[in-house]
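Tertiary structure, described
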Amino acid sequence: MKFNSKNPLLSIIVMLVLCNSVFSQKNHTFTIILDAGHGGKDPGNSYHGYKEKEIALKTTLKVGKYLEKDKDFKIIYTRTSDVFIELANRPKVANKANANLFVSIHCNSVKNFGPSGTETFVMGLSRADMNLEVAKNENSVILLEDNYKEKYQGFDPKKPESLIGLTMMQEENLNSSINLATKIQDNFTSNLKRNSRGVKQQPLWVLDAAYMPSVLIELGFLSNKEEGAFLNSDAGQEKMAKQIADAIINYKNEYFGDGLNTSNTNQREDIKDIKEEIKELSNPKNNSNESVYKVQLSASSKKLKLTPSNFKGLKNISSTYTNKMYKYMYGETTDIEEARKLQKEARRKGFADAFVVVIKDGRCERVSDVVVNNN
């Protein structure tokens, strides 16, 4: 395994996660992260009226429905609606869940309307011109994020040298990723007679940051009118989803057998908590450009029902789950002065340490305190 010399702490985290996964994967349920590409303010490709973000989401949800029929699978979606999820947060969800697989679903396009076919990518380095164009397109969502230069350590998705310089932190997972990618492509070709463009290695950030076997599937070209129509149809999405799901089931059975231990209560609870965190992360209000203010009442490792009786009679209570802690919030407003009034009310009710937080672009930060009268 290669260490990231620019971020030694990240390398240590990678080692810990990988070591933990070695001991956990054989005893727990098979956890898979299904990532519908793009969403919200990031539409992805759009040709002939076909929208990538919509097709990717519908197909991803259909894959999940097929897999959910198998009791051994635990499915976690990075998004289930038309919301913008920052690229860095997608593999982060998989790493927190200690998932067995990360599968990201997309649609392709080029300026020439002729090309068609499916292709599945794994993390790696390739200098083929077409592959570098795919990498630029899929990584370009980074430019929509705030502080992307700091967050991605100067990575520029438009520069080939940045793509080629992207190190692969998951070499030991490469063979497994290629195995799954091959099964997916074989299913598309053998069962649906789709044109296959093969399995390819490419420096894609969303795969590089995932600490488990991972693939990025390009369902086909929306720029090709006929193929776009197929992918845009419910029947086409069902067919593609079934082949992906069957490949995942085949992969799971090959690597982990056809029966897994599904009695691990702690893992089920952890996944439930991660799903709550994703729900908060993908809240449209938290991904808009408008700031939303709430009043944080308390933080606890204990989960409470969001009823007035648990919060001294206060209503409109919400919660988030981060770092194994539940944070309980009161109210919601886009006006900071109104938020201050809510803070005063919370303190009068007995929450002496209540403070205002601002939520914007999926991030929650404390607002500097001002003198607040409790009277």
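Structure's up top.
Predicted model only: the values in this text are computed from it and were never measured.

Quick look at the overall build of the chain now. On a plain count of helices and strands, the chain comes out with 12 helices and 13 strands. Out of the 375 residues belonging to the chain, those deemed buried represent 52%. Pairs at least 24 residues apart make up 77% of the contacts formed inside the chain by residues separated by at least 6 positions. Summing over all exposed atoms, the chain offers an accessible surface of approximately 17,600 Å²; the carbon and sulfur share of this is 50%.

Our focus in this paragraph is the nonpolar core. With 35 residues, the main nonpolar core has L219 and I248 as its most contacted residues. Of all the elements, helix 10 (residues 234–256) adds the most residues to this core, at eight residues. Those residues in contact with L219 that lie beyond four places of it in its chain are I55, T59, I105, H106, C107, T118, F188, L231, M240 and I244. Counting 18 residues, the second largest nonpolar core, distinct from the first, contains Y293, F351, V356 and V358.

On to the sheet that holds strand 5 (residues 101–108), then. Strand order in this open sheet of six strands is 4-1-5-8-6-7, and the pairing throughout is mixed. Each edge of the sheet is formed by a strand with only one pairing partner; in this case those strands are strand 4 (73–77) and strand 7 (196–202). The mean angle between the axes of side-by-side strands here comes to 20°, regardless of whether they run parallel or antiparallel.

Below, the discussion takes up the packing of aromatic side chains. All told, the structure shown has seven aromatic pairs when counted by the stated rule. When the ring of F30 is compared with that of F256, the centres are 5.1 Å apart and the planes differ by 75°; the resulting orientation is edge-to-face. Taken together, the positions of F30 in strand 1 (residues 30–36) and F256 in helix 10 put the pair 226 residues apart, joining distant regions of the chain. Both residues of the pair, F30 and F256, count as buried.

This part covers the packing of helix 9 (residues 225–232) against helix 10. Running from amino to carboxyl end, helix 9 crosses helix 10 at an angle of 80°, the nearest separation of the two axes being 5 Å. With respect to each other, helix 9 and helix 10 are oriented roughly perpendicular. Contacts between helix 9 and helix 10 involve F230, L231 and N232 from the former and D234, G236, Q237, K239 and M240 from the latter. Residues of the contact of helix 9 with helix 10, tallied by class, amount to three nonpolar, three polar and two charged.

Moving on, we come to the packing of helix 7 (residues 174–192) against helix 10. When two helices pack together, you describe them by how their axes are tilted relative to each other and by the distance separating the axes. Packing of helix 7 against helix 10 brings their axes to within 9 Å, and their N-to-C directions diverge by 140°. In terms of axis orientation, helix 7 runs oblique to helix 10. Here helix 7 runs over helix 10; the crossing is right-handed. Facing N175, S176, N179, L180, K183, I184, N187, F188, N191 and L192 of helix 7, the residues of helix 10 in contact are K239, M240, Q243, I244, D246, A247, I248, N250, Y251, E254 and Y255. For the contact of helix 7 with helix 10, the class distribution of residues is 10 nonpolar, seven polar and four charged.

Thresholds, definitions, all that
- Numbers given to residues run from 1 along each chain, matching the order in which its sequence is written.
- The model is predicted, so local features are restricted to residues of pLDDT at least 70 and side-chain atom pairs to those at 80 or more, both for listing and for counting; the totals for chains, interfaces and linings are taken over all residues.
- Only heavy atoms go into the side-chain values, all of them from the structure, while hydrogens and water stay out.
- Secondary structure elements are defined from DSSP: runs of H or I of at least 4 residues count as helices, runs of E of at least 2 residues count as strands, and each element is numbered from the N terminus.
- Relative accessible area decides the class of each residue, using a 1.4 Å probe on protein chains only: under 20% of the type maximum gives buried, over 50% gives exposed, and in between gives partly exposed.
- In this analysis, two residues are considered to be in contact whenever any of their non-hydrogen atoms come within 4.5 Å of each other.
- With residues, only the protein chains shown are counted as cover, and all accessible areas are computed by Shrake-Rupley using a 1.4 Å probe.
- Definition of nonpolar core: a set of buried residues of the types Ala, Val, Leu, Ile, Met, Phe, Trp, Tyr and Cys, connected through side-chain atoms within 4.5 Å.
- Strand pairing is assigned whenever DSSP identifies at least 2 bridges connecting the two strands.
- Angles run from 0 to 180 degrees between N-to-C directions of axes, and those axes are lines fitted to C-alpha atoms, restricted for helices to the stretch in contact.
- Pairing of aromatic rings covers Phe, Tyr and the six-membered ring of Trp, with a centre-to-centre limit of 6.5 Å; geometry is then stacked below 30 degrees between planes, edge-to-face above 60, and tilted otherwise.
- Orientation labels follow simple angle bins: below 35 degrees gives roughly parallel, above 145 gives roughly antiparallel, 65 to 115 gives roughly perpendicular, and whatever is left gives oblique.
- For this classification, Asp, Glu, Lys and Arg are treated as charged, while Ala, Val, Leu, Ile, Met, Phe, Trp, Tyr, Cys and Pro are nonpolar and the rest, including Gly, are polar.
- Note: crossing handedness is left-handed where the near helix turns anticlockwise from the far helix by less than a right angle, and right-handed where it turns clockwise.

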